[in-house]
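# Summary of structural features
Chain by chain, the residues run as shown.
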Amino acid sequence: MPVVEAVAVVPVPPEVAFAVSQTTGEIRYRWDPFVRRQQLLDGAARPGKGVRTYTRSRHGLSMVSEYVSYAPPTNVGMKMVRGPWFFAMMAGGWRFAPASEPGHTVATWRYHFRTRPALLAPLADRIGVWLLGRDIRRRIQGFARGCQDPVVLAAVTDTRP
């Protein structure tokens, strides 16, 4: 099964990095170059295990995914429930660990997928690794910029009710 991974070290502690990764709406669009539209489904007010999310990518593709794990500030996992026809399966996990430099975090984003039809998988997998890998690298770079953006940081550290 193909795997793509991207890693970035960001200058915030894991709890802040995790919070940035889970932003929604205008704050999310500010740092995430992949997402054109995203919303929580079924009346959910915040992300969490079992919560479903609708996402439309910059490519115009849509996916409904479900959180299969949600453990702030260390990790979050998702699986595709419904998505582009060429994915038979897609799942991803984002991990946040303290970096060797105090106050910094190592963010590791990893995705697994299976393409269809199976007959075309050898070629489709290579294309998928290239395209998805490129998007994940751009996305984690945007995340790293978001972890330094005063507007994004203010949104995730605002403790007002």
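For clarity, every value in this text was computed on a predicted model and none was experimentally measured.

What follows concerns the packing of aromatic side chains. Taken as a whole and assessed by the stated rule, the structure comprises eleven aromatic pairs. Relative to Trp109, the ring of Trp94 lies with its centre 3.7 Å away and its plane at 5°, an arrangement referred to as stacked. Here the residue Trp94 occupies a position in strand β6 (residues 87–98), and Trp109 occupies one in strand β7 (residues 105–115), the gap between them amounting to 15 residues. Relative accessible area serves as the criterion here: at 7%, Trp94 is assigned to the buried category. Among the aromatic side chains, those forming a connected cluster through ring pairs are Phe18, Trp31, Tyr67, Tyr70, Trp94, Phe96, Trp109 and Phe143.

The next point concerns the sheet that holds strand β3 (residues 52–57). Within the open sheet, the seven strands sit side by side as β1-β7-β6-β5-β4-β3-β2. Their pairing is antiparallel. The open sheet has two free edges, formed respectively by β1 (3–10) and β2 (35–40), since each of these has just one partner strand. This sheet shows a mean twist of 20° between the axes of neighbouring strands, independent of strand direction. Note: β2 against β3, five bridges, orientation antiparallel. Bridge pairing links Gln39 to Tyr54 in β3. Against the sheet, helix α1 (residues 14–21) touches β1, β4 (62–71), β5 (75–82), β6 and β7, its axis set at about 150° to β6. Contacting β1, β2, β6 and β7, helix α3 (residues 121–146) runs over the sheet at an angle of about 155° to β7.

Relative to the assigned elements, Thr74 resides in the loop between β4 and β5. The sequence separation of Thr74 and Ala17 amounts to 57 residues, and the corresponding C-alpha distance is 9.3 Å. Residues in contact with Thr74, not counting those within four places in the same chain, are Phe18, Trp94, Arg95 and Phe96.

Following the criterion strictly, the structure yields six salt bridges and no others. The closest approach of N and O atoms between Glu5 and Arg110, which form a salt bridge, is 2.2 Å. On the criterion of sequence distance, the pair formed by Glu5 in strand β1 and Arg110 in strand β7 is long-range, its members being 105 residues apart. The partner of Arg28 in a salt bridge is Asp32, with the nearest N and O atoms 2.8 Å apart. Judged by its relative accessible area of 5%, Arg28 is buried. With a relative accessible area of 1%, Asp32 lands in the buried category.

About the thresholds
- Residues numbered from 1 in each chain as written.
- Predicted model: local features only at pLDDT ≥ 70, side-chain atom pairs only at ≥ 80, totals over all residues.
- Heavy atoms only, no water.
- Phe/Tyr/Trp six-rings, centres within 6.5 Å; stacked < 30°, edge-to-face > 60°.
- Helix = DSSP H or I, 4+ residues; strand = E, 2+ residues; numbered from the N terminus.
- Buried < 20%, exposed > 50% of the residue type's maximum accessible area, 1.4 Å probe, protein only.
- Pairing = 2+ DSSP bridges.
- Axes fitted to C-alpha atoms, helices over the stretch in contact; angles between N-to-C directions.
- Contact = heavy atoms within 4.5 Å.
- Salt bridge = Lys/Arg side-chain N within 4 Å of Asp/Glu carboxyl O.

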